[in-house]
Protein chains: 2
Amino acid sequence: MTDASLVERRLRALGPGLRQFYDFPFHPVRGEGVRLYDAEGLEYLDAYNNVPHVGHGHPHVVAAIARQAARLNGNTRYLDETILDYAERLLASLPRGLDTAVFVCTGSEANDLALRLARAFTGGSGATASTTAYHGNTVAISALDVSRSPDPPQPWVATVPPPPEGDPDGTAYERGFEQAIAALAGRGHRLAAAYFDTTFANEGLDKPTPAQMERAVGRIHGAGGLYVADEIQAGLGRMGDAMWGFQRLGATPDLVTMGKPMGNGHPIGILVTRREILEAFHKRDRYFNTFGGNPVSCAAGIAVLEVMERERLQANAACVGAYLTARLDEISRQHGEIGRILGAGFFQGVEVRRPSGEEPAPDAARRVMNEMARRGVLVGLTGPARNLLKIRPPMVFARADADRLAETLDAVLADGFGQPN
Amino acid sequence: MTDASLVERRLRALGPGLRQFYDFPFHPVRGEGVRLYDAEGLEYLDAYNNVPHVGHGHPHVVAAIARQAARLNGNTRYLDETILDYAERLLASLPRGLDTAVFVCTGSEANDLALRLARAFTGGSGATASTTAYHGNTVAISALDVSRSPDPPQPWVATVPPPPEGDPDGTAYERGFEQAIAALAGRGHRLAAAYFDTTFANEGLDKPTPAQMERAVGRIHGAGGLYVADEIQAGLGRMGDAMWGFQRLGATPDLVTMGKPMGNGHPIGILVTRREILEAFHKRDRYFNTFGGNPVSCAAGIAVLEVMERERLQANAACVGAYLTARLDEISRQHGEIGRILGAGFFQGVEVRRPSGEEPAPDAARRVMNEMARRGVLVGLTGPARNLLKIRPPMVFARADADRLAETLDAVLADGFGQPN
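Attention in this report is confined to the structure presented alongside it. (Residues numbered from 1 in each chain as written. Chains lettered and ligands numbered in written order. Predicted model: local features only at pLDDT ≥ 70, side-chain atom pairs only at ≥ 80, totals over all residues. Heavy atoms only, no water.)

1. Let's talk about the packing of aromatic side chains
According to the stated counting rule, one finds 26 aromatic pairs over all chains in the structure shown. Seen from their ring centres, F21 of chain A and Y48 of chain A are 4.7 Å apart, and the 55 degrees between their planes marks the pair as tilted. Of the two residues, F21 of chain A sits in the loop between α1 (3-14) and β1 (28-32) while Y48 of chain A sits in the loop between β3 (43-46) and α2 (59-71), which places them 27 residues apart along the sequence. The two residues F21 of chain A and Y48 of chain A agree in class, both being buried. One aromatic cluster in this structure is built from F21, Y22, F24, F26, Y44 and Y48 of chain A together with Y78 of chain B. (Phe/Tyr/Trp six-rings, centres within 6.5 Å; stacked < 30°, edge-to-face > 60°. Helix = DSSP H or I, 4+ residues; strand = E, 2+ residues; numbered from the N terminus. Buried < 20%, exposed > 50% of the residue type's maximum accessible area, 1.4 Å probe, protein only.)

In structure tokens form, the structure reads like this:
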């Protein structure tokens, strides 16, 4: 089966709207750690995929899935010890008040359920998200994605600008929330939930200062709303200096949502909140998720946590992440097209700009990304202008991998960014 | 770990709102085929769980999951053959026009996405569902569940009564849609999607006649709306006489949603539609599902289809289902508390009523269900009055299993329904 015929079959069975990632057909057939191998046996360094958190095909996770799938796959209406072991382990990593977990299957489901809970607890209906937010793909949560929605914004949604620079006491950031809350109120919607992607990836990977975050959350709580920390990208040690992204920002969230990395590819989503919030929901409504919290998912989730500990992967993200930043900083000093190195740990962004100055260069960024992939190093794009190279590897990324990434980027830049788009 | 301490841990970590299924703690630790084994080694006949479609822990499915998880778990932005093999195989089982598949993780996600697609294609925003519908747990889809929602109905939702008896040409059923469409229009919502659970389980397992269905769908299409066949319960041969529930009803749907049984417990949801509908959506919007259609899910889905064919499980549902109906009919003739036997194949309902006549007896039904579970046979409850014993076993249910179920039910009825609630 040639790639061309796969592309043709894909178009026929899945439709033309499902885009491929790179400008050439990329056809991986095997993964191991931070490596992917394509159908021709070529090897790629995966510096993009955060879903295989502890590495592609990690044998400890695969064995846990296989063992539990053979034994029992049930649901949360029955007593089961696996879900309790997983929930307790996870809750132990969170601040004391965040004591209750609801298991779902995807990050989108977790964010969608967060809205149902926040509405039930607060009695409000409105929600805020950043101007460039992405929190998921359901009818309700895709409405938070105002910048990409083809429809006029829903009356219950208001956006807030990203945290501005030069805002030492946080009043400017707070003002965005004040205005959003007032806009919602003017349309008859009291605030229920304020969503934050704790990586601030789509905002450009610049995080708010503790003062900004404190003022923003103070304003949210003052309006009767809840702070939802979307940990789908930041969570599980990726940022290196904390297990959860919100811990790097200061304020404590009321709801925490988790997704992508939790099962190393096995579909797991989780919502963690305070008991009183879940109880307020259950007093008036109910929720059941057929696959959510099944023993196989939970066995996968536990195995991921075990590998994280055994292989000290959060510390690895901090250590190798800092090394990678240093290497990328060097490149930035040598190439005018490279600006700031943003983010931390294993979620970093490399700003690609016009050599003349500050202006973002998304076309150049795309060319660099595609050329790096052709040379065997997989990265993505992010940021409001899509001019940040997105580096977000599995957590087993090593110093030698950082070297290879930096050398490949350096060479692509030296060779004039590769082929035109 | 005693069951009591598990209950205590469950309450603490998952909250008090997550109910258990039976009135005693049921703690399965192992499953095989149609059998579950609890922590004390007691064996149960599972006549309830439709998620382990080809049987608990089927070795062919477990092996496929383990093999693919070790090899590669990716996403739909990369070329992959597994998703194409699965999509093509599935699409071949559907009418010719239903030619395009979108892979998600749950039935709820499939129904939620169906609404996004229907709105984009039709330009409308309204939806109908039956008065006792359940189609999923997202913000949008739970709004279709008007009978259980604590909130006033959303203006974009209208309900239709179940298909009435004695409606030979279907005009009475059609009138329900006519009125719902008019109610939506009066609130400024043109019809986008009409949802049908093709088992009609929550309506009491009585399906519409072909005339009723034709008139209803004619009315839906006449209003510019789309027919969504929710196959989350009926699909994949469960009803015995057809691969898909809608094929038993007559009209061809515009969107088909699938969930529960597709991966034998592995989280898979799928939406199938006509190419033009997905293209209309993609012209203005986009959709990506991180875990949806990953190679491990697709390997699980293919393995389930292979077992279905090899073990001729649809034919088994037809054959053993008919045998089960006959055994239940006998019991109905012998016990005044048992009324009609509803449904077909491996989705049947046993009506429990007051011995004096027609009145539903949900309390008695609940007592029977719990006493049967105590005697080792697991069934559930369904129907608008919750007085139908819900029999919905894995597809490998055999004639001897049907005998055991019937004998246990007979004995529980003879013994006065077991313990009071």
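There's more to say after this.
2. Details of the relation of the copies chain A and chain B
Under the fitted operation, chain A is carried onto chain B by 0.0 Å of movement along the axis and a turn of 180 degrees, and the coordinates agree to an RMSD of 0.0 Å. As the rotation angle and translation indicate, the two copies are arranged about a two-fold axis. Identified as the residue of chain A closest to the rotation axis by C-alpha distance is A66 of chain A, at 2.6 Å. Here 100% of the interface residues in chain A have copies in chain B that are interface residues too; the copies meet face to matching face. (Least-squares fit on C-alpha atoms with pLDDT ≥ 70 in both. Contact = heavy atoms within 4.5 Å.)

3. Points about the sheet that holds strand β9 (residues 255-258) of chain B
All names here are of chain B. Taken in spatial order, the seven strands make up an open sheet running β4-β10-β9-β8-β7-β5-β6, and their pairing is mixed. On the outer flanks of this sheet lie β4 (100-104) and β6 (157-160), each paired with one strand and no other. The sheet shows a mean angle of 20 degrees between the axes of neighbouring strands, taken without regard to direction. Pairing of strand β5 (residues 126-130) with β6, which is carried by four bridges, proceeds in the parallel orientation. What sits directly across from S130, in β6, is V160. The strands touched by helix α4 (residues 107-122) within the sheet are β4, β5, β7 (191-197), β8 (226-230), β9 and β10 (269-273), with β7 carrying the most contacts at an inclination of about 150 degrees. (Pairing = 2+ DSSP bridges. Axes fitted to C-alpha atoms, helices over the stretch in contact; angles between N-to-C directions.)

4. Notes on the interface of chain A and chain B
Taken together, the 93 residues of chain A in the interface contact 93 residues of chain B. Counting the surface lost from both chain A and chain B, the interface buries some 7900 Å², and carbon and sulfur atoms represent 56% of this. The tally of links from chain A across to chain B stands at eight salt bridges. Across the salt bridge formed by D151 of chain B and R284 of chain A, the nearest N and O atoms sit 2.7 Å from each other. Those elements that provide at least two residues to the side of chain A that touches chain B are α1, β1, α2, α3 (81-91), β4 (100-104), α4 (107-122), α5 (139-142) and α8 (275-282) of chain A. (Buried area = accessible area lost by both parts, 1.4 Å probe. Salt bridge = Lys/Arg side-chain N within 4 Å of Asp/Glu carboxyl O.)

5. Things to note about the pairing of strand β2 (residues 35-38) of chain A
All names here are of chain A. Bridge count between β1 and β2: four bridges; the pairing is antiparallel. Opposite E32, over in β2, you have R35 as the bridge partner. As paired elements, β2 and β3 share three bridges and run antiparallel to each other. Residue pairing for β3: L36 is matched across the bridge by Y44. Hairpin geometry of β2 and β3 is characterised by an intervening segment of four residues between the two adjacent antiparallel strands and by a positive phi of about 85 degrees at G41.

6. A short note on the packing of helix α2 (residues 59-71) of chain B against helix α9 (residues 295-310) of chain B
All names here are of chain B. The geometry of α2 relative to α9 is characterised by a closest axis approach of 8 Å and an angle of 155 degrees between their N-to-C directions. One element, α2, and the other, α9, form an angle in the roughly antiparallel class. The two elements α2 and α9 meet at a crossing, and its hand is right-handed. In this structure, α2 contributes H60, V61, A64, I65, Q68 and A69 to the contact, and α9 contributes P295, V296, A299, A300, A303, V304, E306, V307 and R310. Within the contact of α2 with α9, the residues separate by chemical class into 11 nonpolar, two polar and two charged. (Parallel < 35°, antiparallel > 145°, perpendicular 65-115°, else oblique. Left-handed = near helix turned anticlockwise from the far one by under 90°. Nonpolar A, V, L, I, M, F, W, Y, C, P; charged D, E, K, R; others polar.)

7. Overview of the side chain of R238 of chain A
Residue and element names in this part refer to chain A. Mapping R238 onto the fold places it in the loop between β8 (226-230) and β9 (255-258). Buried and without a salt bridge, R238 has D46 as its closest oppositely charged side chain, separated by 8.9 Å. If we skip the residues at most four places from it in the chain, R238 touches N50, H53, Q233, A317, A344, G345, F346, F347, R392, P393, P394 and M395. (Lys, Arg positive; Asp, Glu negative; His and termini not counted.)

8. Focus on the environment of E43 of chain A
All names here are of chain A. Of note, E43 is situated in strand β3. Using a relative accessible area of 27% as the deciding quantity, one classes E43 as partly exposed. For the pair formed by E43 and R30, sequence separation is 13 residues and the distance between their alpha carbons is 9.5 Å. With residues near it in sequence (within four places) discarded, E43 still touches R35, L36, Y37, G376 and R404. Here the side chain of E43 touches R35 through a polar contact of 2.9 Å, side chain to side chain. (Polar contact = N/O pair within 3.5 Å; in protein donor to acceptor, adjacent residues only side chain to side chain.)

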